[in-house]
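Observations on chain architecture
Listed here are the chains, written in short residue letters.
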There are 2 protein chains.
Amino acid sequence: MEDVAREAGVSRALVSLVMRDSPKVSPAKRTAVLESAAALGYSPNRLASRLASHRTHTLGVLFLDLHNSVFADIYDGLSAGLAGSGNQVMVAVGSADPRTEIEAVRSFVDLRVDGVILAGYTGTSEDLAAALRGTPCVVITRELEADGVDSVLTDDFRSGVLAVEHLVGLGHRRIAHVDISDWLPYTARREGYLHAMKEHGLAPQLVHSDMTERGGRAVMEQFLDSGAERPTAIFTHNDLTAIGVMEALTARRLSIPGDVAIVGCDNIEFAASPLIGLTSIYQHARELGQVAARAMLDRIAGTAGPATTRKLEPALMVRRSSDPAA
Amino acid sequence: MEDVAREAGVSRALVSLVMRDSPKVSPAKRTAVLESAAALGYSPNRLASRLASHRTHTLGVLFLDLHNSVFADIYDGLSAGLAGSGNQVMVAVGSADPRTEIEAVRSFVDLRVDGVILAGYTGTSEDLAAALRGTPCVVITRELEADGVDSVLTDDFRSGVLAVEHLVGLGHRRIAHVDISDWLPYTARREGYLHAMKEHGLAPQLVHSDMTERGGRAVMEQFLDSGAERPTAIFTHNDLTAIGVMEALTARRLSIPGDVAIVGCDNIEFAASPLIGLTSIYQHARELGQVAARAMLDRIAGTAGPATTRKLEPALMVRRSSDPAA
DNA sequence: TTGAAAGCGCTAACAG
DNA sequence: CTGTTAGCGCTTTCAA
């Protein structure tokens, strides 16, 4: 920078202003600086500028799992929502391991990111608040009680209800639910399921799995082998699980939806594929990302008040897996 | 840091050493420092430490597309390969847009990452070299001629050959190939296809698409409507495209592999799903990530010599889409 | 507009 | 082992 200043015959401060394209530089000096910068192959060290300016223009984003394309959708929404704001995104993957997640958040904070966006945080709000140290944060797909932390999610309880209503409407009475292991803080879909089942006077039937295709398949195979009475319909926590369940059923030569109807949740791309035809509850993943981005920008700009929760309405997408006519 | 030092009754330098857990600190002082750090809620500003130490312990990783799970596999390999090395990863997504890609690389370099790993770079090696300014780099899934840039990939030419040999072995003679638009620097699979077709004295038939499921589907629908002679087998550039092609065929009530056999490439998770049953060429995505991580660590450590290329052997995974018996 | 000076919060020798 | 002294490369007053 020193060199560029000398070469262009100006002061370092001026070079700094030009590099951040400040409006208060004369066009002549500006081009002079730009030219010598190009000539010397200079580009500013952003570490230094961040340190000095206390702004990083970077948002840390944590994803639960890159294998679930719902996070790719959220990513798309985030980058659309951030477009033109001059912020960049730094991604980390938590893998549903609270230790890894907190480590990632801490790392973001130590790097002084302007904000942290969590898409799939499975830890506690206390740990999060401690790691955050006041850094603005918005949580996607979950409602978290912590001050200064906004939540953006789809009404998961409602999703559970929607699924059951749909299946009951189709005449099903033995409807099972494959949720994700008890310990994960994503229970609203199950609550919705349980609530709706009760409303209809039906006996709930729960099976625990993780949130993967493989997990769903393994759990369902085990279930089918157990000799337990087979449900006529299954609602799963997410689409990956639903696909795993479908695989298990297919492997046992059971027809879908003839023998068992399936309803997933998330509405990932593959669910919509004619090859899969999975009925699913759309949670507007892309929009979640976009809304979260806006929320974060507001919070960084200081125009946001106390922590808010934004909840989107889920939508049922009927496909072959629950309705042969679809 | 000042405060912590005072509180613990030591110098700032000592605090610094403790924070980086250097071995040359007495246990007594160490715990004293740690305690007062905890008491004061201190954690080091890594921006500052990076600036001062000229090491960021961060690798910038660029992915082509988060919607293609092959990149999730590569990510897994990378993080496995980096585990324990004390490096963290910063992810960006290029979306097959050279401008976005170069912007991301430049951003990494301006942040002084220790190295850049590119999984799906579609630009030129000149642009890359310019953006890199000497930052160590390893490119995955592609062979790039630029000094100091290592390449880690699967032998794509061979993949094309494998696909054709497999189909020819099954008796097919009209074998089409859906590649990705001409301008993308990923032509080896097509070259392999063309070469093998020629070897067998067969006439190649090329269809251009992008690398997405939707693209594959659209292109194939258009192709089927065009009235062109239908091939009995199709080899696609990647699995996403293959799935799109399968969707188009299914929508036209054509059977797979009865009317048309399909072979994809990448061997993503869904290809292996019994619901899809797509024959594919395994490119060892996870291993690519792991090998790339090692290559990068070597390069950073300075133990790597001139630019090298590591090429893995692809493997044919036969499934239902090409062989009903499978 | 421009320039000089004073940091941002840490690390890196080196002397003790 | 510990403390001192310089920076890292930029931004920011603030005065000119």
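Residues numbered from 1 in each chain as written. Chains lettered and ligands numbered in written order. Predicted model: local features only at pLDDT ≥ 70, side-chain atom pairs only at ≥ 80, totals over all residues. Heavy atoms only, no water.

This part covers the overall build of chain A. For chain A, the count of helices and strands is 13 helices and 12 strands. Its C-alpha atoms give chain A a radius of gyration of 25 Å, clearly above 20 Å, the size a compact globule of 326 residues would have. Over its C-alpha atoms, taken along the principal directions, chain A stretches across nearly 85 × 40 × 30 Å. For chain A, with 326 residues in total, the buried portion stands at 55%. Charged side chains in chain A number 32 positive and 40 negative. The centres of these two groups are separated by 5 Å. (Helix = DSSP H or I, 4+ residues; strand = E, 2+ residues; numbered from the N terminus. Rg over C-alpha atoms; globule rule 2.2 N^0.38 Å. Buried < 20%, exposed > 50% of the residue type's maximum accessible area, 1.4 Å probe, protein only. Lys, Arg positive; Asp, Glu negative; His and termini not counted. Charge placed at Lys NZ, Arg CZ, Asp CG, Glu CD.)

Near DNA strand C there are 22 residues, and of these Ser-11 and Lys-29 of chain A together with Arg-12, Ser-16 and Tyr-42 of chain B occur at the shortest range. In DNA strand C, the atoms that sit within 4 Å of the protein are 71% sugar and phosphate, with bases accounting for the remainder. The separation between a phosphate oxygen of DNA strand C and a polar side-chain atom of Tyr-42 of chain B is 2.7 Å. Broken down by secondary-structure element, the contributors of at least two residues to the surface near DNA strand C are helix 2 (12–19) and helix 4 (46–53) of chain A together with helix 2 (12–19) and helix 4 (46–53) of chain B. Considered class by class, the residues forming the surface near DNA strand C number 11 nonpolar, 7 polar and 4 charged. (Near = heavy atom within 4 Å. Polar contact = N/O pair within 3.5 Å; in protein donor to acceptor, adjacent residues only side chain to side chain. Nonpolar A, V, L, I, M, F, W, Y, C, P; charged D, E, K, R; others polar.)

Bringing the protein's contact with DNA strand D into the picture now. DNA strand D sits among 22 residues. The nearest are Arg-12, Ser-16 and Tyr-42 of chain A together with Ser-11 and Lys-29 of chain B. Each atom of DNA strand D within 4 Å of the protein was classed as base or backbone; sugar and phosphate made up 68%. One of the side-chain nitrogen or oxygen atoms of Arg-20 of chain A is found 2.9 Å away from a phosphate oxygen of DNA strand D. One of the backbone nitrogen or oxygen atoms of Ala-52 of chain B is found 3.5 Å away from a base oxygen of DNA strand D.

With that settled, consider the relation of the copies chain A and chain B. Copy one and copy two of the chain differ by a rotation about an axis and a translation along that axis. Placing chain A over chain B gives an RMSD of 0.1 Å and needs a rotation angle of 180°, together with 0.0 Å of translation along the axis. Both copies of the chain, as the preceding transformation shows, are related through a two-fold rotation axis. Same-surface contact between copies: 100% of interface residues of chain A are shared with the interface of chain B. (Least-squares fit on C-alpha atoms with pLDDT ≥ 70 in both. Contact = heavy atoms within 4.5 Å.)

Pairing between side chains of opposite charge can happen when their charged atoms approach one another. Residues and elements named next belong to chain A. Under the counting rule described, the total for this entry stands at 28 salt bridges over all chains. The partner of Arg-12 in a salt bridge is Glu-2, and the shortest N-O contact between them spans 3.6 Å. Here Arg-12 is found in helix 2, whereas its partner Glu-2 is found in helix 1 (residues 2–8), with 10 residues between them in sequence. Residue classification places Glu-2 among the partly exposed residues on the basis of a relative accessible area of 42%. Taking the shortest distance from any N to any O, the salt bridge between Arg-55 and Asp-114 comes out at 2.2 Å. With Arg-55 in the loop between helix 4 and strand 1 (58–63) and Asp-114 in the loop between helix 6 (98–110) and strand 3 (115–119), this pair connects stretches of sequence that are 59 residues apart. The partly exposed category is assigned to Arg-55, whose relative accessible area is 33%. Taking relative accessible area as the criterion, Asp-114 reaches 9% and is therefore assigned buried. (Salt bridge = Lys/Arg side-chain N within 4 Å of Asp/Glu carboxyl O.)

What follows concerns the interface of chain A and chain B. In this assembly, 40 residues from chain A lie in contact with 40 residues from chain B. At the junction of chain A with chain B, the criterion picks out 2 salt bridges. One salt bridge connects Arg-46 of chain A with Asp-110 of chain B, and the closest N-O pair in it is separated by 3.3 Å. Across the chain A-chain B interface, the total number found is 14 residue pairs in polar contact (both at pLDDT 80 or more). Elements that contribute at least two residues to the side of chain A that touches chain B include exactly helix 4, helix 5 (69–82), strand 2 (88–93), helix 6, helix 10 (213–225), helix 11 (239–251) and helix 12 (269–272) of chain A.

Another aspect to go through is the side chain of Thr-279 of chain A. All names here are of chain A. Here Thr-279 shows up in strand 10 (residues 279–282). In this structure the side chain of Thr-279 is engaged in a polar contact, spanning 2.8 Å, whose partner is the backbone nitrogen of Arg-319. Engagement of the side chain of Thr-279 in a polar contact is seen with the side chain of Ser-322, the distance being 2.7 Å.

As a further point, take the sheet that holds strand 9 (residues 261–266) of chain A. Residues and elements named next belong to chain A. Ordered in space as 7-6-8-9-10-12, the 6 strands form an open sheet in which the pairing is mixed. Either end of the sheet is taken by a strand with one partner, and the two such strands are strand 7 (205–209) and strand 12 (315–317). Between one strand axis and the next, the sheet turns through 20° on average, direction left out of account. Sitting on the sheet, helix 8 (residues 156–169) touches strand 6 (175–180), strand 8 (233–236), strand 9, strand 10 and strand 12, and the angle it makes with strand 9 is about 160°. (Pairing = 2+ DSSP bridges. Axes fitted to C-alpha atoms, helices over the stretch in contact; angles between N-to-C directions.)

Moving on to the domain arrangement of chain A. Residue and element names in this part refer to chain A. Assigned domains within chain A: domain 1 (1–44), domain 2 (56–154 + 285–312) and domain 3 (156–283). When each unit is reduced to the centre of its C-alpha atoms, the spacing between domain 2 and domain 3 is 28 Å. Each partner contributes to the interface: domain 2 provides 15 residues, whereas domain 3 provides 13 residues. The tally of links between domain 2 and domain 3 comes to 4 residue pairs in polar contact (both at pLDDT 80 or more). For the side of domain 2 that touches domain 3, the secondary structure elements donating two or more residues are helix 5 and helix 13 (285–301). Within the side of domain 2 that touches domain 3, the residues separate by chemical class into 7 nonpolar, 7 polar and 1 charged. (Domains from an automatic or database assignment.)

This next bit is on the sheet that holds strand 10 (residues 279–282) of chain B. Residues and elements named next belong to chain B. In spatial order, the strands read 7-6-8-9-10-12; together these 6 strands make up an open sheet with mixed pairing. Each edge of the open sheet is held by one strand with a lone partner, namely strand 7 (205–209) and strand 12 (315–317). When the angles between neighbouring strand axes are averaged without regard to direction, this sheet yields 20°. Pairing geometry for strand 8 (residues 233–236) and strand 9 (residues 261–266), over 3 bridges, is parallel. Looking at strand 9, one finds that Ile-234 is bridged to Ile-262. Helix-sheet contacts for helix 9 (residues 188–199) involve strand 6 (175–180), strand 7, strand 8 and strand 9, and the interaxial angle to strand 6 is about 160°.

All right, on to the nonpolar core then. Residues Phe-63, Leu-78 and Ile-262 of chain A together with Phe-63, Leu-78 and Ile-262 of chain B are the most contacted members of the largest nonpolar core, which totals 114 residues. Those residues within four positions of Ile-262 of chain B in sequence are excluded, and the remaining contacts are Ile-234, Ala-242, Val-245, Met-246, Leu-249, Ile-256, Leu-278, Thr-279, Ser-321 and Ser-322 of chain B. In terms of nonpolar packing, the next biggest core, distinct from the first, is built from 42 residues, Val-139 of chain A together with Leu-62, Ala-104 and Tyr-121 of chain B among them. (Core = buried A, V, L, I, M, F, W, Y, C linked by side-chain atoms within 4.5 Å.)

This part takes up the UniProt feature "domain: HTH lacI-type" (unreviewed entry) in chain A. According to UniProt, the feature "domain: HTH lacI-type" (unreviewed entry) maps to residues 1–53 of chain A in the numbering used here. Summarising residues 1–53 of chain A: 70% helix, 0% strand, and an end-to-end C-alpha distance of 16 Å. (UniProt positions renumbered as here; feature names shortened; annotations may be inferred.)

This structure, assessed with the given rule, holds 5 aromatic pairs over all chains. A centroid spacing of 5.9 Å and a plane angle of 55° characterise the contact between Phe-63 of chain A and Phe-71 of chain A, whose relative ring orientation is tilted. Plain terms: the ring middles of Phe-270 of chain A and Phe-270 of chain B are 4.2 Å apart, the flat faces sit at 40° to each other, and that makes the pair tilted. Here Phe-270 of chain B lies in helix 12 (residues 269–272) and Phe-270 of chain A lies in helix 12, a pairing that spans two chains. In this structure Phe-270 of chain B comes out as buried when scored by relative accessible area, which is 7%. Grouping aromatic residues by their ring pairs yields a cluster made of Phe-63, Phe-71 and Tyr-75 of chain A. (Phe/Tyr/Trp six-rings, centres within 6.5 Å; stacked < 30°, edge-to-face > 60°.)

Right, let's talk about the environment of Gly-201 of chain A for a bit. Looking at the element boundaries, Gly-201 of chain A is found in the loop between helix 9 (188–199) and strand 7. Separated by 28 residues in the primary sequence, Gly-201 of chain A and Arg-173 of chain A place their C-alpha atoms 9.2 Å from one another.

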